[in-house]
Amino acid sequence: MVEQTASAEQLNEKDVLTGTNKLDANPWWAQAIIYIILIGSGLVTLLPMVNVWAISLSEAHEVFKDPMMLWPKSFTLESYKYIFNTQVLLKSFGITVFVTVVGTFLNLLFTSTGAYGLSKTHVPGHKIMLWLIIIPMLFGAGLIPMYILLKNLGLLNNIWVLILPKLVASFNLILMRNFFWSIPESLEESARIDGASEFRVLWSVILPLSKPVIATVGLFYAVGHWNDYFSGLFFINDNSKWPLQMVLRSIVIDFNMLNMGTQNTNTLNDASKLVVQPENIKAATIIFAIVPILIVYPFLQKYFVKGIMLGSVKG
Amino acid sequence: MSAKSVQAPPGMSGQSIGKKRVKLRTRIWKSRYIYILVLPTIIYFAIFTYAPFYGITIAFKDFKIMSGIMDSPWVGFKHFEAMFTSEKFPDLLKNTIIISMYRLIFGFPVPILFALLLNEVRSFWFKRSIQTITYFPHFLSWVVFAGIIYNFIGPSGIINLLLSNAGFEKINMTTNEDLFRTIIVVTAILKEFGWGAIIYLAALAGIDSQLYEAAKIDGAGKLRQIWHVTLPGIRPIIALLFCLQLAGVLDAGFEQIFMFLNPAVYDVGDIIDTYVYRLGILQSQFEMATAVGLFKGIIGMILIITANTIIRRMGEKSLW
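Residues numbered from 1 in each chain as written. Chains lettered and ligands numbered in written order. Predicted model: local features only at pLDDT ≥ 70, side-chain atom pairs only at ≥ 80, totals over all residues. Heavy atoms only, no water.

A. Just the UniProt feature "domain: ABC transmembrane type-1" (unreviewed entry) in chain B, in detail. As recorded in UniProt, the feature "domain: ABC transmembrane type-1" (unreviewed entry) lies at residues 93-307 of chain B. Helix makes up 76% of residues 93-307 of chain B and strand 0%, whereas the separation of the span's terminal C-alpha atoms amounts to 20 Å. (UniProt positions renumbered as here; feature names shortened; annotations may be inferred. Helix = DSSP H or I, 4+ residues; strand = E, 2+ residues; numbered from the N terminus.)

B. The arrangement of the UniProt feature "transmembrane region" (unreviewed entry) in chain A in detail. All names here are of chain A. The UniProt record annotates "transmembrane region" (unreviewed entry) at residues 32-55, 93-116, 128-148, 160-180, 201-223 and 281-300. Between the end C-alpha atoms of residues 32-55 the distance is 33 Å, and the span holds 100% helix and 0% strand. For residues 93-116, the helix share is 100%, the strand share is 0%, and the end-to-end C-alpha distance is 34 Å.

C. Region of interest: the nonpolar core. I144(A), L140(B), F180(B) and F260(B) are the most contacted members of the largest nonpolar core, which totals 148 residues. Counting residues per element, this core draws most heavily on helix 15 (residues 278-311) of chain A, which supplies 11 residues. If we ignore the near neighbours within four places in the chain, the residues touching I144(A) are I58(B), V276(B), G280(B), I281(B), F286(B), A289(B) and T290(B). Among the nonpolar cores identified, the runner-up in size contains 29 residues, and L38(A), F114(B), F193(B) and I234(B) belong to it. (Core = buried A, V, L, I, M, F, W, Y, C linked by side-chain atoms within 4.5 Å. Buried < 20%, exposed > 50% of the residue type's maximum accessible area, 1.4 Å probe, protein only. Contact = heavy atoms within 4.5 Å.)

D. Structural context of the UniProt feature "transmembrane region" (unreviewed entry) in chain B. Residues and elements named next belong to chain B. According to UniProt, the positions carrying the feature "transmembrane region" (unreviewed entry) are residues 33-53, 97-118, 139-163, 183-205, 226-250 and 288-311. Helix and strand shares over residues 97-118 are 95% and 0% respectively, and the end C-alpha atoms of the span are 32 Å apart. With 100% helix and 0% strand, the stretch residues 288-311 has end C-alpha atoms that lie 35 Å from each other.

E. Expanded view of the interface of chain A and chain B. Opposite the 110 residues of chain A that make contact, chain B presents 109 residues. Interface of chain A and chain B: buried area, both sides summed, is about 10100 Å²; carbon and sulfur atoms make up 76% of it. One can count zero salt bridges joining chain A with chain B. In terms of residue count, helix 3 (residues 28-56) of chain A provides more of the side of chain A that touches chain B than any other element does, 16 residues in total. Taken together, the residues that form the side of chain A that touches chain B break down as 73 nonpolar, 23 polar and 14 charged. (Buried area = accessible area lost by both parts, 1.4 Å probe. Salt bridge = Lys/Arg side-chain N within 4 Å of Asp/Glu carboxyl O. Nonpolar A, V, L, I, M, F, W, Y, C, P; charged D, E, K, R; others polar.)

F. Just helix 17 (residues 286-313) of chain B, in detail. Along its 28 residues, helix 17 of chain B runs 40 Å from first to last C-alpha, staying within 8% of the 40 Å computed at 1.5 Å per residue. Trailing helix 17 of chain B by a residue or two, G315(B) shows a phi angle of about 85°, which is positive. (Expected span 1.5 Å × (residues − 1).)

G. Spotlight on the side chain of T290(B). Mapped onto the secondary structure, T290(B) falls in helix 17. At 2.6 Å, the side chain of T290(B) and the backbone oxygen of F286(B) are in polar contact. Beyond its immediate chain neighbours, meaning those up to four positions away, T290(B) contacts I144(A), P145(A), G55(B), I56(B), I58(B) and A59(B). (Polar contact = N/O pair within 3.5 Å; in protein donor to acceptor, adjacent residues only side chain to side chain.)

Following this line, the structure appears as structure tokens:
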């Protein structure tokens, strides 16, 4: 984790995925088995999600009859209308969007300045500072001391509790630091000769060269914020301030809160005739939470694969 | 720890001779902008990771919110004794370790096998598609993923529908003690195997192709090549990840287990982390919860340092 070889940088996804020509070809039957297993593992991952999507768009009585569908039967958008009337869900969506955008920006600001400073091994005290960052990866104070600290700081039930305690992740900082460290010193030197300050060097020389690692780390942070569940569970008990994942849990798993902020409270109890049933609403809520990730996924993919290789210890 | 003490470099005591000291001072002065850049990060760590260490002392105190941590009376190891002698604790420890071990035994080989199989495929687009699909669940939260799983295993889920159509009795899998750990292990594997394979694929790509040529000349068949070249080639990364997971044996996965946990399955599924949450945050028994958390933290630290030493002794690349 701490050390990174130059070759890790040069790897790209295509190399990784096509670096196979070294092994002999398999006999046709072995190849067939391999393809079957791989397609099977793809389907095992894909089909449950397709099923949820189909349920979310089908009418309740169809789902009641046969939920094993991969294409919506009797197409309806009612369940989506229903969840868009659920004020709590939309509000938590807003909170999570705010936390993801502002949080990720602050994460990157703090992580990149820290990582740049720590990439300067000639600075006195460098080792001590590095250990200060590494120790929290080995040992933490635990949940309760953190809870009491946040309580004392007045951060409980405050939206900033979703951002501030997670400003810098040691792992991401070290990942970024190793990348900065591998940038040739000579590039910075020429900027310094032209009279650039340390801030200027970071901004105009280092950061533009570090787009892949910034994108990777930024996406790690963003996905972390989007999926963050702990902070809401531990530190926010006022449900009007809950982040998205907390509200999702109460809808999808506990099946509470559905009727909050909506008009049609009686519809859920009646049997199979209805257009919308709990199953539809759960399915629609799951899809609602997946879609944003699906939208950024192509970008994620481009950088994550590279990023995880940057962070990996090369064999 | 304050930011200033952090900046003081090692060995800058009064003993160092004048000349060196001046040099050091100049070096520190020269690096002043670097310190300014690092300072916000250090302050963050001081407040949010080092300051809570002080709160650990409540494991040794009779904590009263009104008087605060400082003025609460010391009680020594009372809470630890209570913890070790409680009925609950052995079960918690057992559940935590068993669930972790199941994950390790059944879950650890899956990404390796998956990567080896993917590595046999020549077609780029096929590999790419399978990978894209299989690591997608990694980016879903456990809430969403558990929601998808409940669609199958819930009381009115698809598996029960199949069972009742086939004339069997329905099972409520979510409240079934015998199935809980199986569900945890299987869903954890389903969510992460694709993501776990990426790192092995990277390692596989790094194996020198001359090694395969040499093995072929020596008459090694396909399986022998895999056994003598491929597996040794990714051994360092396997060793590292295995040790890391072994070191995290007390982390059985709060987020996932919390999604599937309910009072009906506490006996088999309640782990240290879920217990600390209930005891500490829901019931405000801060001292006991801190003691349990501290126990977990110390064992975890010992395990990770041991793991690192073992990897290093084995001659592999260690964490630090």
